[in-house]
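If you want the building blocks of each chain, they are given just below.
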Amino acid sequence: MNLKNKVVIITGASQGLGKAIAYKLSHEGAKIALVARTEKLLMEVKNRIVNSGGVAEYFICDISNNQQIEKTVQDILNKLGKIDILVNNAGVWTDENLEKEHPEYRKRAFEVNTLGHINFTYTVLPHFQDQNSGHIFNVISNAGLLEKDNVRWKSYAATKHAMTGFTKSLRDSLAKTKIQVTGFFPGGIDTNLYENVGRQDAHNQPWMMKAEDVADCVAFVLNRPNDVYVESLIISKKM
Ligand SMILES: NC(=O)c1ccc[n+]([C@@H]2O[C@H](COP(=O)([O-])OP(=O)(O)OC[C@H]3O[C@@H](n4cnc5c(N)ncnc54)[C@H](OP(=O)(O)O)[C@@H]3O)[C@@H](O)[C@H]2O)c1
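Residues numbered from 1 in each chain as written. Predicted model: local features only at pLDDT ≥ 70, side-chain atom pairs only at ≥ 80, totals over all residues. Heavy atoms only, no water.

Points about helix α3 (residues 66-80)
The cut-off we apply is this: Think of it this way: any DSSP run of H or I at least four residues long counts as a helix, any run of E at least two long counts as a strand, and we number them from the N terminus. A helix's residues, less one, multiplied by 1.5 Å, set its expected span. The classification of residues rests on relative accessible area computed with a 1.4 Å probe and restricted to protein chains. Under 20% of the type maximum is buried, over 50% is exposed, and intermediate values are partly exposed. In this description, the arc belongs to the directions extending from the helix axis to the C-beta atoms. Only heavy atoms enter the contact rule, under which two residues are in contact if any of them lie within 4.5 Å. Between N or O atoms, a polar contact is any pair within 3.5 Å; within protein, one atom must be a potential hydrogen donor and the other a potential acceptor, and residues adjacent in sequence are included only when both atoms are from side chains.
With 15 residues, α3 should reach 21 Å at 1.5 Å per residue; the first-to-last C-alpha distance of 21 Å fits that figure. Within α3 the residues assigned to the buried category are I69, T72, V73, I76, L77 and L80. Taken around the axis of α3, the buried residues stretch over an arc of 135 degrees, which confines them to a single face. Residues Q67, K71, N78 and K79 are exposed on α3 and point more than 90 degrees away from its buried face. Those residues of α3 that are buried lie in contact with β1 (7-11), β2 (31-36), β3 (55-60) and α4 (103-131). Regarding α3, its N-cap is N65, as a side-chain oxygen of that residue lies 2.9 Å from the backbone nitrogen of Q67 further along.

Considering the sheet that holds strand β4 (residues 85-88)
To keep things clear, this is the line we draw: Note on pairing: two strands pair once DSSP finds at least 2 bridges between them. Angular values range over 0 to 180 degrees, each being the angle between N-to-C directions of two axes fitted as lines to C-alpha atoms, with helices fitted over their stretch in contact.
Spatially, β3-β2-β1-β4-β5-β6-β7 is the arrangement adopted by the 7 strands of the open sheet, whose pairing is parallel. Edge positions in the open sheet fall to β3 and β7 (232-235), since each of these has one partner strand only. Across the sheet, the mean angle from the axis of one strand to that of its neighbour is 15 degrees, orientation sign disregarded. Here β4 runs beside strand β5 (residues 134-139); their pairing, made up of 4 bridges, is parallel. Across the sheet, residue V87 finds its bridge partner in β5, namely F137. Against the sheet, α4 makes contact with β1, β2, β4, β5 and β6 (179-186), and its axis sits at roughly 175 degrees relative to β4, the strand it touches most. Across the face of the sheet, helix α5 (residues 154-173) comes into contact with β5, β6 and β7 while running at roughly 155 degrees to β6.

Comments concerning the site of the ligand
Basically, it comes down to this: Working definition: residue near molecule or strand if any one of its non-hydrogen atoms lies within 4 Å of it. All accessible areas in this document rest on Shrake-Rupley with a 1.4 Å probe, and a residue is counted as covered only by the protein chains that are shown. A pocket, in this scheme, is an open set of points on a 1 Å grid over the protein atoms alone with protein on both sides within 12 Å along at least 5 of 7 lines, while a cavity is a set where a 1.4 Å probe fits but cannot get out; residues line either one if an atom lies within 4 Å of a point. Each molecule is assigned to a cavity or pocket provided more than half of its atoms lie within 2 Å of the corresponding grid points.
Around the ligand there are 32 residues in total, and R37, T38, Y156, T191 and Y194 lie nearest to it. Measuring from an oxygen atom of the ligand, one finds a backbone N or O atom of G91 at 3.3 Å. Within the contact set of the ligand, an oxygen atom lies 2.6 Å away from a side-chain nitrogen or oxygen of Y156. Look at the ligand: alone it shows 880 Å² of surface, and the protein chains cover 97% of it. The cavity that encloses the ligand is the largest pocket.

A few points about the packing of helix α1 (residues 16-27) against helix α6 (residues 211-222)
Where we set the bar: Roughly parallel means an angle under 35 degrees; roughly antiparallel, over 145; roughly perpendicular, 65 to 115; everything else is oblique. Two helices cross in a left-handed way if the nearer one is turned anticlockwise from the farther one by less than a right angle. They cross in a right-handed way if the turn is clockwise. Note on residue categories: nonpolar means Ala, Val, Leu, Ile, Met, Phe, Trp, Tyr, Cys or Pro, charged means Asp, Glu, Lys or Arg, and polar means any other residue, Gly included.
At their nearest, the axes of α1 and α6 sit 8 Å apart, and the two run at 55 degrees to each other. It follows from the interaxial angle that α1 and α6 lie oblique. Note on packing geometry: the crossing formed by α1 with α6 is right-handed. Taking contact as the criterion, the partners of G16, L17, A20, I21, K24 and L25 in α1 are, on α6, A211, E212, V214, A215, D216, V218, A219 and L222. Per-class residue counts for the contact of α1 with α6 are 10 nonpolar, 1 polar and 3 charged.

What follows is the structure in structure tokens.
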């Protein structure tokens, strides 16, 4: 769809890939609802968009809390009037070391990467069904693909495989509507995802893409004409 004046919710928009997607889609004329927990970072993203002539509002929300999701979606409707696209992007990494991985990390990863995305989707979906249009864009990971070498990813891979299943099932359920559901499966991206759990090789690795380049791919998918359906997209760094 043409992104001009479309209202796009982006979860995890305070940094990393979500921030890059926000800048890119705003540049294409979309109005952005920035969702995350850290107000200071959200405010910086909003200000940069507004200062370059775009439209953005931020909404503080922990997506592991369903009441906060419901309030946020209502606040977005009150402030921006409608919702056209939901980008489920917020995410956390788990410690990949099987022996050291703390059960709390594991729980958190499922609450955010899986249940957070599913609950956000179910909160927005009735609005898309009422208007018989909308696009649910799930940022999953190549860790959500069975055929990839998942040896290092364990619980994180489990959270992402669950989203692959949900995305496929939702797409099938909505096949007779005008609502689109895309699964997005990027490889490594240079963000703070790994640093946040203390991983050593957190940045500048040969397997990492730039967040801006990945955001370009997201914009490409969301910018297709309404009758062109990108059901899934896999991208990775060419070594
Ligand atoms: N980096 C990679 O190599 C890679 C590869 C494939 C897929 N992905 C996926 O891409 C997505 C974005 O990750 P990233 O790499 O950009 O990581 P990032 O830089 O760490 O950003 C994660 C974002 O998620 C938000 N977030 C975390 N917990 C949240 C919660 N409970 N409620 C609301 N927002 C929350 C964070 O904001 P606050 O802390 O302010 O809440 C932040 O904006 C994730 O789904 C990730 O799994 C990443």
